[in-house]
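Observations on the three-dimensional arrangement
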Amino acid sequence: MMEQNNNKFSWSRFWTLLKRHFADGRKNNQIMLLAVFVLSMILLLVFTMMPQLMPEDIDNPLMKNFNKDMLAAIMASSNTGTVVSIFSYVFLSLVCSNMSNRSGDIAYLMLPATNLEKWLSRVIYVVVVGLVLIYGVYYVAVFLCTGIGHLFNVASLKLLGSMSFDISSTNMLLGMDISPTTINILLLLGYCMSFFMIAMFIWGGTYFRRLGWLYTALILMAIGFVSVFVLGFSFAFLNLDEMVAVARSTGEEGPSAMLSIFDGLFFWSSIVLVVLGMLVIWLSYKVFCRRQIESHRIRVIK
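A brief report on the enclosed structure follows. Note that the structure is a prediction, hence the values are computed from the model and not measured.

Things to note about the overall build of the chain
Within the chain, the regular secondary structure consists of 12 helices and 0 strands. Mapped in sequence order, the helices and strands of the chain form the string α-α-α-α-α-α-α-α-α-α-α-α. Residue burial in the chain is summarised as follows: out of 302 residues, 39% are buried. Pairs at least 24 apart in sequence give 76% of the contacts found in the chain among residues at least 6 apart. Here the chain has roughly 17,600 Å² of accessible surface; of this, 69% comes from carbon and sulfur atoms.

Here it is as structure tokens:
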């Protein structure tokens, strides 16, 4: 066994820890991934096979190009995606589940590895399972449902693939002529928001010993409420009619003109989210190191 070196990162010790996490959680992860796959298939099929529940006529001008099949596919994708996201974020918050009690703290502390190796191995483990594998299983379900749609000529099922894998196709289906620049900025904002959410749940799982996902979700809800309030208050000072007129003078109309107004806001919001996410990741590591110091003190007192 290699002697512990608290000052130097060792890739061999890191890979040993990472493989151990996957080995220890293999059975539970298999059950969870199977549950995600089955639930995704059920939700996708149920929502897309019930277009008769959709309204016959849609008066909203922004949705004039929709039909029942489109609405069913959108409902299936959004609702199923929300459920899968909940699974993912809850799993990310289990980053320190092996240290949920004093015996787990001591057992993990006694492993011959540095703090960075222990923390990073846990983070990589929950990211691979909670993001790559869970969403991989979800997209497999989407792919299979799309194949079933083509096999049995079910229009709502056939739309799932394009809506999940091709944003330009979704833009066309919705009848919203949004500029490529705005689409790319919105995608960037979405990715940066996801990164911030991932960082927050990893931090929450490190800071809270139990129910980290719940406390983190409550914190994010509070942040979201404050952000919406601040943005709404800020809009009161903007001359939106003039801004829309300027956007339309460039040849853009409708939703595209409205969204292009906020391209700059969306871009800089993305930068802020990345910076905050990196800060939260750093705080997660510092909290992890602090937990180890506290556990060492417990051992000395005992």
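Some thoughts on a nonpolar patch on the surface
Where nonpolar side chains cluster on the molecular surface, the patch consists of Leu-34, Val-38, Ile-42, Val-46, Met-49 and Met-50 and spans about 500 Å² of accessible area. Mapped onto the secondary structure, Leu-34 falls in helix α2 (residues 26–48).

Structural notes on the pattern of salt bridges
In total, this model carries 2 salt bridges according to the counting rule given. Here Arg-20 makes a salt bridge to Asp-24, at a shortest N to O gap of 3.7 Å. Separated by 4 residues within a single helix, Arg-20 and Asp-24 lie in helix α1 (residues 11–24), roughly one turn from each other.

Remarks on the nonpolar core
Ranked by internal contacts, the top residues of the largest apolar core, which has 56 residues, are Met-32, Leu-44, Phe-91, Leu-92, Ile-134 and Leu-160. Where this core is concerned, the elements lending two or more residues are α1, α2, α3 (68–92), α5 (115–152), α6 (155–165), α8 (180–207) and α12 (263–301). A per-element tally of this core places α5 first, with 12 residues. Setting aside its immediate chain neighbours within four residues, Met-32 contacts Phe-87, Phe-91, Val-129 and Ile-134.

Some points on the environment of Ser-227
Inspection of the secondary structure puts Ser-227 in helix α9 (residues 212–235). What makes Ser-227 partly exposed here is its relative accessible area of 34%. At a separation of 2.8 Å, a polar atom in the side chain of Ser-227 contacts the main-chain carbonyl oxygen of Ile-223.

Comments concerning α2
Note on helix geometry: an α-helix contains 3.6 residues per turn, so any two residues three or four positions apart are oriented the same way. The first and last C-alpha atoms of α2 sit 33 Å apart over 23 residues, in line with the 33 Å expected at 1.5 Å per residue. The set of residues buried in α2 consists of Asn-29, Met-32, Leu-33, Val-36, Ser-40, Met-41, Leu-43, Leu-44 and Thr-48. On its buried side, α2 packs onto α3, α5 and α6.

Details of the packing of aromatic side chains
Summed over all chains, the structure comprises 15 aromatic pairs. Ring geometry for Tyr-207 versus Phe-208: centroids 4.9 Å apart, planes at 85°, classification edge-to-face. Their ring planes at 80° and their centres at 5.4 Å tell us that Phe-267 and Trp-268 sit as a pair that is edge-to-face. Exposure remark for Trp-268: the relative accessible area of 57% places this residue in the exposed category. Among the aromatic residues, those joined into a cluster by ring pairs are Phe-9, Trp-11, Phe-14 and Trp-15.

Focus on the layout of surface pockets
Empty space within the second largest pocket amounts to approximately 470 Å³. Lining of the second largest pocket is provided by 16 residues; of these, Met-193, Ile-223, Ser-227, Leu-231 and Leu-273 occupy positions nearest its centre. For the lining of the second largest pocket, the elements supplying multiple residues, two or more each, are α8, α9 and α12. Looking at the lining of the second largest pocket residue by residue, the class counts come to 13 nonpolar, 3 polar and no charged.

With respect to the side chain of Ser-93
By the element assignment, Ser-93 lies in the loop between α3 and α4 (102–109). Here Val-90 takes part through its backbone oxygen, which lies 2.5 Å from a polar atom of the side chain of Ser-93. Ignoring anything within four residues of it in the chain, the contact list for Ser-93 reads Phe-201, Gly-205, Gly-212 and Trp-213.

Brief notes about the packing of α1 against α5
Running from N to C, α1 and α5 point in directions that differ by 45°, and their axes come no closer than 9 Å. Considering their axes alone, α1 and α5 lie oblique with respect to each other. The element α1 and its partner α5 pack so that their crossing is right-handed. Between α1 and α5, the residues in contact are Arg-13, Phe-14, Leu-17, Leu-18, His-21 and Phe-22 and Glu-117, Lys-118, Leu-120, Ser-121, Arg-122, Ile-124, Tyr-125, Val-128 and Val-129, respectively. Each residue belonging to the contact of α1 with α5 can be placed in one class, and the counts come to 9 nonpolar, 2 polar and 4 charged.

About the criteria used
- Residues numbered from 1 in each chain as written.
- Predicted model: local features only at pLDDT ≥ 70, side-chain atom pairs only at ≥ 80, totals over all residues.
- Heavy atoms only, no water.
- Helix = DSSP H or I, 4+ residues; strand = E, 2+ residues; numbered from the N terminus.
- Buried < 20%, exposed > 50% of the residue type's maximum accessible area, 1.4 Å probe, protein only.
- Contact = heavy atoms within 4.5 Å.
- Areas by Shrake-Rupley, 256 points an atom, 1.4 Å probe, with all protein chains shown as cover.
- Patch = residues over 30% accessible without salt bridge, like charges linked within 9 Å, V, L, I, M, F, W, Y side chains within 5 Å.
- Salt bridge = Lys/Arg side-chain N within 4 Å of Asp/Glu carboxyl O.
- Core = buried A, V, L, I, M, F, W, Y, C linked by side-chain atoms within 4.5 Å.
- Polar contact = N/O pair within 3.5 Å; in protein donor to acceptor, adjacent residues only side chain to side chain.
- Expected span 1.5 Å × (residues − 1).
- Phe/Tyr/Trp six-rings, centres within 6.5 Å; stacked < 30°, edge-to-face > 60°.
- 1 Å grid on protein atoms, 1.4 Å probe; cavity = no way out; pocket = protein on both sides within 12 Å on 5 of 7 lines; lining within 4 Å.
- Points joined across faces, edges and corners; volume = space filled by probe spheres on them.
- Nonpolar A, V, L, I, M, F, W, Y, C, P; charged D, E, K, R; others polar.
- Axes fitted to C-alpha atoms, helices over the stretch in contact; angles between N-to-C directions.
- Parallel < 35°, antiparallel > 145°, perpendicular 65-115°, else oblique.
- Left-handed = near helix turned anticlockwise from the far one by under 90°.

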